[in-house]
Amino acid sequence: MKKILTLEDESSIRSFVVINLKRAGYEVLEAATGKEALEILHDNPDIKVALLDIMLPDMDGFEVCRAIRATNTGIGIIMLTARTQEMDKITGLMTGADDYVTKPFSPAELLARVDALYRRTGGASAPADDGVIKRGPFSLNTRNRTLEKNGERIRLTQIEYTIMKLFMENPGKALSREEILSQVWGKDYFGELKVVDVNMRRLRIKIEEDSTNPEYITTVWGYGYKWGA
Ligand code: CA
């Protein structure tokens, strides 16, 4: 069963999300507070995707996100944001979320995002691949989905891993933001291109010596990004 956690304190929105996800074949666990959500995740390590509301009675969704990421890099996280939370979107992504959906959202939009992330987090069967890709000081193990730089493990989210794999399979090739979006988030993803930049910024912080003067992930102005190792 494809397990998903929905954290939302407004019961009308939560029911709307739950009904639509169930209809699409997901098993949905529900939480109305951050504390509840963390307990459910602790008891259900097989949850692959979590939807997190931001404004909650006990803690905010970003705190929940950070708490999840502290122990779990494999789960996919989507923030449910209100239209007025433009800056919160960015903050949410920087604290370890993979994507966000802006309220009010349609069932189709929500499902497209959840399905895409579910596939990326390895919920669907992944093709057999046992190679290790080496570029410069980096070594990407595609069997256990880990990255090392000079032999030291760098903890990546599943989205970050997928971006690294795309880069390391295409050294020296300028990749457009549209191409990255479609390769990493899926062809049916209809979110914003900005999500690419936000993830790139976060990835740079993790893998570059100086993220403001990147050596490996370089910007191709007005186009996208290029891997240079
Ligand atoms: Ca709320």
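Report on the accompanying structure. (Residues numbered from 1 in each chain as written. Predicted model: local features only at pLDDT ≥ 70, side-chain atom pairs only at ≥ 80, totals over all residues. Heavy atoms only, no water.)

1. Observations concerning the packing of aromatic side chains
On inspection of all chains with the given rule, the structure shows six aromatic pairs. Arranged with centres 4.8 Å apart and planes meeting at 90 degrees, the rings of Phe138 and Tyr216 form a pair that is edge-to-face. Separated by 78 residues along the polypeptide, Phe138 in strand E7 (residues 138-141) and Tyr216 in the loop between helix H8 (194-207) and strand E11 (217-220) bring together distant segments of the chain. Tyr216 shares its class with Phe138; the two are buried. An aromatic cluster is defined as three or more aromatic residues linked by ring pairs; in this entry it consists of Phe138, Phe167, Tyr216 and Trp227. The lysine or arginine in question, Lys2, covers the ring of Tyr26, its NZ or CZ lying 4.3 Å from the ring centre. Across from the ring centre of Tyr118, 5.6 Å away, lies the NZ or CZ of Lys2, which sits over that ring. (Phe/Tyr/Trp six-rings, centres within 6.5 Å; stacked < 30°, edge-to-face > 60°. Helix = DSSP H or I, 4+ residues; strand = E, 2+ residues; numbered from the N terminus. Buried < 20%, exposed > 50% of the residue type's maximum accessible area, 1.4 Å probe, protein only. Lys NZ or Arg CZ within 6 Å of the ring centre and 35° of its normal.)

2. Focus on the coordination of the calcium ion
The protein atoms donating to the calcium ion are Asp9 (OD), Asp53 (OD) and Met55 (O), with metal-donor distances spanning 2.2 to 2.3 Å. One chain supplies every donor to the calcium ion, and in sequence these donors are spaced D-x43-D-x1-M. Of this pair, Asp9 sits in the loop between strand E1 (2-7) and helix H1 (11-23) while Asp53 sits in strand E3 (residues 49-53), and the two are 44 residues apart along the sequence. Using a relative accessible area of 31% as the deciding quantity, one classes Asp9 as partly exposed. (Donors = N, O, S within 2.8 Å, 3.2 Å for Na, K, Ca; no water.)

3. Here's the deal with the sheet that holds E7
Here we have four strands laid out as an open sheet, ordered E6-E7-E8-E9, and antiparallel in their pairing. Pairing within the sheet leaves two strands with one partner each, and these edge strands are strand E6 (132-135) and strand E9 (152-154). When the angles between neighbouring strand axes are averaged without regard to direction, this sheet yields 25 degrees. (Pairing = 2+ DSSP bridges. Axes fitted to C-alpha atoms, helices over the stretch in contact; angles between N-to-C directions.)

4. Here's the deal with H8
Between the first and last C-alpha of H8 there are 20 Å, a value that for 14 residues agrees with the 20 Å anticipated at 1.5 Å per step. Along H8, 10 of the 14 residues are buried, which leaves the element largely enclosed by surrounding structure. Residues Val195, Val196, Asp197, Val198, Asn199, Met200, Arg202, Leu203, Arg204 and Ile207 constitute the buried set of H8. (Expected span 1.5 Å × (residues − 1).)

5. Examining the side chain of Asn20
Examined against the element boundaries, Asn20 turns out to sit in helix H1. Dropping the residues within four chain positions of it, Asn20 is found in contact with Pro107 and Leu111. (Contact = heavy atoms within 4.5 Å.)

6. A word on the packing of helix H7 (residues 177-185) against H8
Where H7 contacts H8, the axes come no closer than 9 Å and their chain directions differ by 80 degrees. By the angle between their axes, H7 is roughly perpendicular relative to H8. Residue-level inspection shows Arg177, Ile180, Leu181 and Trp185 of H7 in contact with H8, the latter providing Lys194, Val195, Val196, Asp197, Asn199 and Met200. The residue makeup of the contact of H7 with H8, split by class, is six nonpolar, one polar and three charged. (Parallel < 35°, antiparallel > 145°, perpendicular 65-115°, else oblique. Nonpolar A, V, L, I, M, F, W, Y, C, P; charged D, E, K, R; others polar.)

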